[in-house]
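# Fold and contact review
One letter stands for each residue in the lines below.
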Amino acid sequence: MTLTVNQQAELEKPVTRLAFFVEFHFLSGIVYLSSLGQTITWGGHDWLGFGAIGNISPVNEAQGTAASALTFTLNVAQLEWLALATGDTAEYRGRDAKLYFCPLNEQFQLIDPPVICWRGTMDTQQVGIDGAQGEATGSISLKCETSAYGLKRKSALRLNAAQHKQKYPTDLGFDYLTDLIGNPDNNLWLTKRFQS
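Presented here is a report on the structure given in the accompanying data block. The model shown is predicted, which means the values in this text are computed figures rather than measured ones.

## Let's talk about the overall build of the protein
Broken down by element type, the protein carries six helices and nine strands. In the protein, buried positions account for 28% of the 196 residues. Restricting to contacts in the protein with at least 6 residues of sequence separation, those with at least 24 account for 54%. Split by element, the accessible area of the protein, about 13,300 Å² in all, is 53% carbon and sulfur.

Laid out in structure tokens, this is it:
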């Protein structure tokens with residue numbers, strides 16, 4: 001992440017004001033949200049405020065390919081978010097999400113364009129209600145994973161000879177699979193007379 005000189009100078013002050021911007025690439029369209037209390041325009045888009053983003057879990061930096069997930073808490077009072085959370089998972093799962101941040105000056109204006117600080121893909125959503133009866137508030141938790149998370153998952157639909165031998169060391173069935181697929185003319189399953 002590369003900050004401008006002005007942004008770095010603001011972050012070095014004892015008191016710093018920050019704004020976060022989130023870009024969700026849903027199947028039905030891209031949504032631009034901000035942590036500010038008002039809609040702000042930058043990058044050619046209107047970033048909606050008014051409490052659309054309730055909370056963002058901390059961004060953890062780690063060396064290597066450790067997958068660090070982020071959880072965005074969205075306002076359930078907006079019916080559009082509730083429809084997304086209870087609808088088809090194809091609307092959000094596996095689609096891009098980006099998080100930007102920008103320091104603000106004392107007049108709460110952006111200092112230079114926001115910079116991207118995290119990117120990943122949307123994974124799961126949960127709808128929850130907290131609080132006592134009559135004072136309950138609802139929220140949607142959208143968990144997003146980095147691209148490194150996909151490296152940890154094993155493919156459920158494909159199996160090769162090495163994977164098969166881990167479970168069944170004496171079975172040689174998959175050793176011939178590549179040859180069977182690559183040379184279909186050399187491997188006759190039926191007699192030539194039957195095929196004629």
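## Looking at the nonpolar core
Core analysis: the biggest nonpolar cluster contains 15 residues, and Phe24, Phe72, Trp118, Met122, Leu142 and Cys144 have the highest contact counts within it. Of all elements in the fold, only strand E1 (17-26), strand E6 (70-75), strand E7 (96-104), strand E8 (115-130) and strand E9 (137-145) reach the threshold of two or more residues within this core. Counting residues in hydrophobic clusters, the runner-up holds ten residues, among them Ala19, Phe21, Tyr32 and Trp47.

## Side note on the pairing of E1
Where burial is concerned, most of E1 is hidden: eight out of the ten residues are buried. Pairing geometry for E1 and E7, over eight bridges, is antiparallel. Bridge pairing links Arg17 to Leu104 in E7. Here six bridges tie E1 to strand E2 (residues 29-34), and the two strands are oriented antiparallel to one another. Across the sheet, the residue bridging to Phe21 is Ser34, located in E2. Taken together, E1 and the strand that follows it, E2, pair antiparallel across an intervening segment of two residues.

## Here's the deal with the packing of aromatic side chains
Scanning the model with the defined rule gives ten aromatic pairs in all. Between Phe24 and Phe72, the aromatic rings sit 5.4 Å apart at their centres with planes inclined by 90 degrees, giving edge-to-face as the arrangement. Placement of Phe24 in strand E1 and of Phe72 in strand E6 is noted, with a sequence separation of 48 residues between them. Each of the two residues, Phe24 as well as Phe72, counts as buried. Measuring from centroid to centroid gives 4.9 Å for Tyr32 and Trp47, while their planes differ by 70 degrees, and the two rings are edge-to-face. Taken together, the positions of Tyr32 in strand E2 and Trp47 in strand E4 (residues 45-47) put the pair 15 residues apart, joining distant regions of the chain. Residue classification places Trp47 among the buried positions, given a relative accessible area of 1%. These aromatic residues form a ring-pair network of at least three members: Phe21, Tyr32, Trp42, Trp47 and Tyr100. Here the basic side chain of Arg17 rests over the ring of Phe108, its NZ or CZ set 5.9 Å away from the ring centre.

## Some remarks on the pairing of E7
Most of E7 sits inside the fold, with eight of its nine residues counted as buried. In terms of strand pairing, E7 meets E8 through six bridges, oriented antiparallel. Across the sheet, residue Lys98 finds its bridge partner in E8, namely Arg119.

About the cut-offs
- Residues numbered from 1 in each chain as written.
- Predicted model: local features only at pLDDT ≥ 70, side-chain atom pairs only at ≥ 80, totals over all residues.
- Heavy atoms only, no water.
- Helix = DSSP H or I, 4+ residues; strand = E, 2+ residues; numbered from the N terminus.
- Buried < 20%, exposed > 50% of the residue type's maximum accessible area, 1.4 Å probe, protein only.
- Contact = heavy atoms within 4.5 Å.
- Areas by Shrake-Rupley, 256 points an atom, 1.4 Å probe, with all protein chains shown as cover.
- Core = buried A, V, L, I, M, F, W, Y, C linked by side-chain atoms within 4.5 Å.
- Pairing = 2+ DSSP bridges.
- Phe/Tyr/Trp six-rings, centres within 6.5 Å; stacked < 30°, edge-to-face > 60°.
- Lys NZ or Arg CZ within 6 Å of the ring centre and 35° of its normal.

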